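Coordinates in review
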Amino acid sequence: MSKSGTDVAEEHGIRRSSHWPTVEKHFKQANPFCLACGKDKPQHPADIQVHHRIPFHFCILLGRPDLELDPRNLVGLCETETGPQLPNHHLLLGHLDDFKSYNVEVLDDASVTFAGLSKEDILASAPWIAKKANKPVAWAQMTDDGKKALRKLMDTWYPVS
Ligand SMILES: [Zn+2]
């Protein structure tokens, strides 16, 4: 995940786990690509963000801090930091253009629906524009029911072992 994700978490007084750098490094070694650009296009490690499908500040605030480090909650997405300009699938598909939000369908969207699309093509896509308009609200705007539903989603996707 990006510096921006860390910044959002810090607004809630949440710091990254001391184990994160190791988890991030191992994930990038095993998955040296952006899921949306394609597994056949390995990228510079600095240009891959290890994204949390459900952002880790939500996981911590809702009592599932284990999901910060759980590989099931992680996916690699591109974000230009070094080389040529990339589509920045991290912001567009991982966060629907808002680091305070996220995309529950990121795996399908990156691997199927918007796979291989450029930034321009995604920004012009009606399905993407509709998703962005309906993106999950930030923590500060969440209702109690919304929080319960998100915790239920966490426990459904990632049962506590
Ligand atoms: Zn990409």
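Refer to the preceding data block for the structure.
Below is a summary of the structure that appears in this document. None of these values were measured; they are calculated from a predicted model.

Digging into helix 5 (residues 106-113)
Of the positions making up helix 5, those classed as buried are Val 106, Asp 109 and Ala 110. For helix 5, the arc enclosing every buried residue in end-on projection is 90°, short of the 170-degree limit, so these residues lie on one face. Those residues of helix 5 that are exposed and aimed more than 90 degrees away from the buried face are Asp 108 and Val 112. Summarising the contacts, the buried residues of helix 5 are in contact with strand 1 (48-52), strand 2 (74-78), helix 4 (89-94) and helix 7 (126-133).

Points about the coordination of the zinc ion
Around the zinc ion, the protein supplies Cys 34 (SG), Cys 37 (SG), Cys 78 (SG) and His 89 (ND1) as donor atoms, at distances of 2.1 to 2.3 Å. Of note, the zinc ion draws all its donor residues from one chain, in the sequence arrangement C-x2-C-x40-C-x10-H. Of this pair, Cys 34 sits in the loop between helix 2 (20-30) and strand 1 while Cys 78 sits in strand 2; the two residues are 44 residues apart in sequence, bridging distant segments of the chain. According to the relative accessible area criterion, Cys 34 is buried, its value standing at 0%. What makes Cys 78 buried here is its relative accessible area of 0%.

Side note on the pairing of strand 1
Counting buried residues along strand 1, 5 of its 5 residues qualify, which places the element largely inside the surrounding structure. Residues Ile 48, Val 50 and His 52 line one face of strand 1 and the alternating positions Gln 49 and His 51 line the opposite face, and both faces are buried. The pairing of strand 1 with strand 2 spans 5 bridges and is antiparallel. Counterpart to His 51 in the pairing with strand 2 is Val 75.

A word on the nonpolar core
If you look at the biggest cluster of nonpolar residues, it comprises 17 residues, and the most contacted ones within it are Cys 34, Leu 35, Leu 77, Leu 93, Ala 110 and Trp 128. It is strand 2 that provides the largest number of residues to this core, a total of 3 residues. With near-sequence residues (within four places) excluded, Leu 93 lies in contact with Ala 36, Asn 103, Val 106, Asp 109, Ala 110, Phe 114, Ile 122 and Trp 128. Of all hydrophobic cores here, the second largest spans 11 residues; its members include Leu 62, Leu 67, Tyr 102 and Met 142.

Reading the values: rules and limits
- Residues numbered from 1 in each chain as written.
- Predicted model: local features only at pLDDT ≥ 70, side-chain atom pairs only at ≥ 80, totals over all residues.
- Heavy atoms only, no water.
- Buried < 20%, exposed > 50% of the residue type's maximum accessible area, 1.4 Å probe, protein only.
- Helix = DSSP H or I, 4+ residues; strand = E, 2+ residues; numbered from the N terminus.
- Arc of directions from axis to C-beta.
- Contact = heavy atoms within 4.5 Å.
- Donors = N, O, S within 2.8 Å, 3.2 Å for Na, K, Ca; no water.
- Pairing = 2+ DSSP bridges.
- Core = buried A, V, L, I, M, F, W, Y, C linked by side-chain atoms within 4.5 Å.

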